[in-house]
Amino acid sequence: QVQLVESGGGLVQAGGSLRLSCAASGRTFGSYGMGWFRQAPGKEREFAAGISGSGASTRYADSVKGRFTISRDNAKNTVYLQMNSLKPEDTAVYYCAAVHVRKMGWNGIGNRVGNYDYWGQGTQVAVSS
């Protein structure tokens with residue numbers, strides 16, 4: 001079991017930056033692949049970025065590639081999402097998710113909601129034009 005708590009959301013102007021954090025409970029954080037998803041009003045939850053349990057691999061949705069960077073600090077049990085050059089269409093609730101490496105492998109990264117077993121409560125990001 002792992003519990004996830006997101007933070008760092010807020011209101012920012014287009015072109016600005018935010019860094020989201022996701023703090024995980026437990027002593028085996030390094031055994032989990034991590035993902036960031038987002039859900040805009042009236043839309044389905046979609047994949048934004050993921051990082052493997054080993055930390056060696058990352059994966060991004062085309063819509064955020066080149067602007068967002070996912071990273072992890074296993075010593076702090078935390079995964080980050082650095083978001084630069086934000087656009088109004090990035091406005092959404094951002095969710096952190098986790099899946100054990102026994103399911104995805106040490107270098108696997110899922111990009112579907114069903115790939116992940118644990119979810120945080122979400123943090124709101126709003127980008128004004």
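Higher on the page you've got the structure.
Residues numbered from 1 in each chain as written. Predicted model: local features only at pLDDT ≥ 70, side-chain atom pairs only at ≥ 80, totals over all residues. Heavy atoms only, no water.

Q: Can you break down unusual backbone geometry residue by residue, with the values?
A: Even without being glycine, Asn-77 reaches a positive phi, approximately 55°. Here Asn-77 shows up in the loop between strand E7 (68-73) and strand E8 (78-83). Judged by relative accessible area, Asn-77 falls into the buried class, the value being 16%. Look at Ser-85: it is not a glycine, yet its phi comes out positive at around 50°. By relative accessible area, which is 40% here, Ser-85 ends up partly exposed. (Helix = DSSP H or I, 4+ residues; strand = E, 2+ residues; numbered from the N terminus. Buried < 20%, exposed > 50% of the residue type's maximum accessible area, 1.4 Å probe, protein only.)

Q: Break down the pattern of salt bridges for me, citing the residues and quoting the values.
A: Considering all chains together, one arrives at 5 salt bridges under this definition. Of the charged contacts in the structure, one is a salt bridge between Arg-67 and Asp-90, with a shortest N-O distance of 2.7 Å. Placement of the pair is Arg-67 in the loop between strand E6 (58-60) and E7 and Asp-90 in the loop between E8 and strand E9 (92-100), with a sequence separation of 23 residues. When its relative accessible area of 10% is taken as the criterion, Arg-67 is described as buried. For Asp-90, a relative accessible area of 1% puts it in the buried group. With a shortest N-O distance of 2.8 Å, Asp-117 and Lys-103 are connected by a salt bridge. With Asp-117 in the loop between helix H1 (101-104) and strand E10 (118-119) and Lys-103 in helix H1, the pair connects residues that are 14 residues apart, well separated along the chain. Three or more residues are tied together by salt bridges with common partners; here these are Arg-38, Glu-46, Arg-67 and Asp-90. (Salt bridge = Lys/Arg side-chain N within 4 Å of Asp/Glu carboxyl O.)

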